[in-house]
Amino acid sequence: MYVSVRGIPRGTGIRSRVPRVVVVLGMVSLITDVSTEMVTAVLPIYATLVLGLTPLAYGMLDGLYQGATVLVRLLGGFFADRLRRPKLVAGSGYAIGAAAKLLLLPVGGAGTLSAAVGMDRAGKGLRTAPRDVLIATAGPRDRLGRYFGVHRALDATGALLGPVVAFGLLALAPGDFDMVFVVSCCAAVLGVLLFVHHVPEHRAETEGGVSLRDVAALLRITGFRRLLCAAAVLSVATIGDGFLYLVLLRNESVTTRWFPLLFVCTSLVYLALAVPLGRVSDRYGRNRVFTAGYGLLLCAYLSAILTAGAAGAGLCLMFLGAYYAATDGVLPAAAAPLLPAELTATGISVVQAAVAGGRALGAVAFGAVWTAAEGATAVWTFAAVLAVALLTAVPMITRARDQRTEAR
Amino acid sequence: MTQPDRRRSRDGKIMLVLTIVVVAVAASWVTVSVLRAGASGEGGGGGLPGGRQLVFRSLRAGPEFGHIAVVPAGDAGRERVVLPARCERAAAAPAGGLCLRQTRNPIQLFAVTLLDERLRPGKETRLNGIPSRARFSEDGRYYATTAFVTGHSYISDGFSTETVIGRVDGEPVGNIEDFTFLLNGQRNDNADRNVWGVTFVPGGDRFFATVATQNRRYLVEGDIRRRTLTALRDNVECPSLSPDGRRLAYKKRTGLNNDVWRFHVLDLASGVETPLAETRSVDDQAAWLDDGHVMYGVPKGGAGGRNADVWVVALKGGAPRLLIPDADSPTVRSPAKSHSQR
């Protein structure tokens, strides 16, 4: 990994050059995601088969930490700004993630398992905002959509490779989960080494740390406040991929056998479209592409309930992947130029936390509706909620003629 | 060379060495694991003990971990005979046995292997999910498997089971979630239905199982020919029919919401339910050692332990006792009389 990264060409032309630090951060995310996703892919099997926990208990554990991440994200952003050392905070996040995999090794049972999952999530939450600051400060503001696109495409590649590596290893030695955990830990350490050695610290020119009062002042920035509200409102209307796949299963568009492939297809579309949609957002406005992304999500809902068979499933996954490509990297790219330099990390963490919190809330709400009503009714309900959210959000952010985001 | 340049090149060397060390650790660990996986597999062998056999999964550390093993049912303290088949869940009956196992195929991670009367691997079919329960009918015609169809992390928001009944000779009966579910005499079509934990009634087409819907778990009586599941009783999971066919042992939720269970035994004729003397919460489908004793696997060091022991408790009362250390998935079989057992 180390050698191959050094071999990356420094850009082939002046117009298409992506800063080296963006590519390196992308590679770090790729390796780290391989590490994390290999564990995530086998953990349900490990927990139910080896530790004898019910999947229900495991699912609850997972949901609990999704919520906790929101808080850690905010802390990560705030400390990156307060210490004015985003690299240090992001690096600690990567290191915590690597240490979490070590925790899985001893014969610890349910307690250590939950600690390990919690630590891993904490590390991920901590590093996201400061890392996005390192990307946002890597080059001119009118290219940020593309830079984030490049980073997210590499990131998604790692998430795709992780399960492949994990199940490949299990095929070599069935039942040897410890081996998977060791390899995952080693990959995470490689990611940390690459990050520490090849990413320069970004030092802000401004003097003095930020306080909580400065954070509150963020909400007085009109463009940012609107983006935050829109992102929060839209994300509450998301179903969660898992449930959407279940809808496809219930419609008999797919069988349980193809379940893992649903995730693969979504990721493939995501990584293929991340860069193009990032470029589109640089050109036509990031707020617009971000909102359009939720329009694509609405299309995904509708195709899940209206169309049948494999074609319907394919259409739904295409829209879902495109939704991720249009929102995940575009959101920080839209937020960063609106923020004062000394509060970039905090601001990014606030929008991302709003989205994460909104999604968690949406998943819980959808679960409740799903239990109470039939599958299709639940999706129709959420499609309606999303349509309303879009109607609310569109005028809020796309009409705002903020020079800094709408500049081409 | 300037000072910072020199420092940078020294840092680079340290990083390179660290990278090589980390890669070497991963590579050597994988190599050792793969060699060890290759070394096991053909271990054990030897003759099966005569008379009634107690078949289980051996969890002794070493190459025999996870392999099916056998001891005489009347003398469980005897040294176990370890067989070549490695399983995640196992069940046995006079006609043979059932082994739910992990495969080497990353696309189809789990499979069902039928074992012949000498418990050697035979016919194989796929299993859609993580193995949970296995049962083989006493008359040797049917087998049942339950798997968790969560599979992967992307679907951790809920869980669903798939319970399939197969015919030893012939076409499988299929997923019994598709059977007609009758609750209080009415047909019930709730979409959130889950079925698990089958126990067969010998010599017919009937069985008992658990059906869960709307957060309630029912004991159901199933009929393979009529394709029905009829609810008999509330709050019963993983039933297990006694050899004389008069009683059902099962786990019953006693906690408010968490997974806290207690084993109970139901007298089918009188409908009287009695708690067993085992006070720990155990998540297992009990099996009968004989008409007076129930056995089950208990994780060592509480829920979530990597290893387990098989315990036994008498219906008459008295403290449960350890039956087989380092073992789970116990079932008793009396080898078919028509076959010589050597």
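The rules behind the values
- Residues numbered from 1 in each chain as written.
- Chains lettered and ligands numbered in written order.
- Predicted model: local features only at pLDDT ≥ 70, side-chain atom pairs only at ≥ 80, totals over all residues.
- UniProt positions renumbered as here; feature names shortened; annotations may be inferred.
- Helix = DSSP H or I, 4+ residues; strand = E, 2+ residues; numbered from the N terminus.
- Buried ≥ 20, exposed ≤ 12 C-beta atoms within 10 Å, placed from the backbone.
- Contact = placed C-beta atoms within 7 Å.
- Pairing = 2+ DSSP bridges.
- Domains from an automatic or database assignment.
- Axes fitted to C-alpha atoms, helices over the stretch in contact; angles between N-to-C directions.

Looking at an unreviewed UniProt entry, chain B carries the name Translocation protein TolB, with the source organism given as Actinomadura litoris.

Chain A is annotated in an unreviewed UniProt entry as MFS transporter from Actinomadura litoris. As stated in UniProt under Subcellular location (unreviewed entry), the record for chain A gives "Cell membrane".

1. A few points about the overall build of chain B
Scanning chain B from terminus to terminus reveals 1 helix and 26 strands. With 342 residues in all, chain B has 43% of them scored as buried. A separation of at least 24 residues holds for 40% of the contacts in chain B among residues at least 6 apart in sequence.

2. Details of the pairing of strand 7 (residues 121–127) of chain B
Look at any regular strand and the pattern is simple: side chains alternate between the two faces of the sheet. Residue and element names in this part refer to chain B. In terms of strand pairing, strand 6 (residues 110–115) meets strand 7 through 5 bridges, oriented antiparallel. For F110, the partnering residue across the bridge sits in strand 7 and is L127. What sits between the antiparallel neighbours strand 6 and strand 7 is a turn of 5 residues, in which L119 has the positive phi angle 60°.

3. Details of the UniProt feature "transmembrane region" (unreviewed entry) in chain A
Residues and elements named next belong to chain A. The positions that UniProt labels "transmembrane region" (unreviewed entry) are, in the present scheme, residues 21–43, 63–80, 179–196, 227–246, 258–277, 289–311 and 379–398. The distance from the first to the last C-alpha atom of residues 21–43 is 32 Å, and the span holds 100% helix and 0% strand. Annotated as residues 258–277, this span is 95% helix and 0% strand, and its ends, taken at the C-alpha atoms, are 28 Å apart.

4. Regarding the domain arrangement of chain A
All names here are of chain A. Taken domain by domain, chain A consists of domain 1 (19–198) and domain 2 (217–408). On a C-alpha basis, the centroid separation for the pair domain 1 and domain 2 is 22 Å. Listed per partner, the contact involves 34 residues of domain 1 and 33 residues of domain 2. Among the elements that line the side of domain 1 that touches domain 2, the one with the most residues is helix 6 (residues 144–172), at 13 residues.

5. Comments concerning the sheet that holds strand 4 (residues 89–93) of chain B
Residues and elements named next belong to chain B. Pairing is antiparallel across the open sheet formed by 4 strands, whose spatial order is 4-5-6-7. What marks the edges here is a single partner per strand, and that holds for strand 4 and strand 7. Each adjacent strand pair in this sheet contributes to an overall mean axis angle of 20°, direction not counted.

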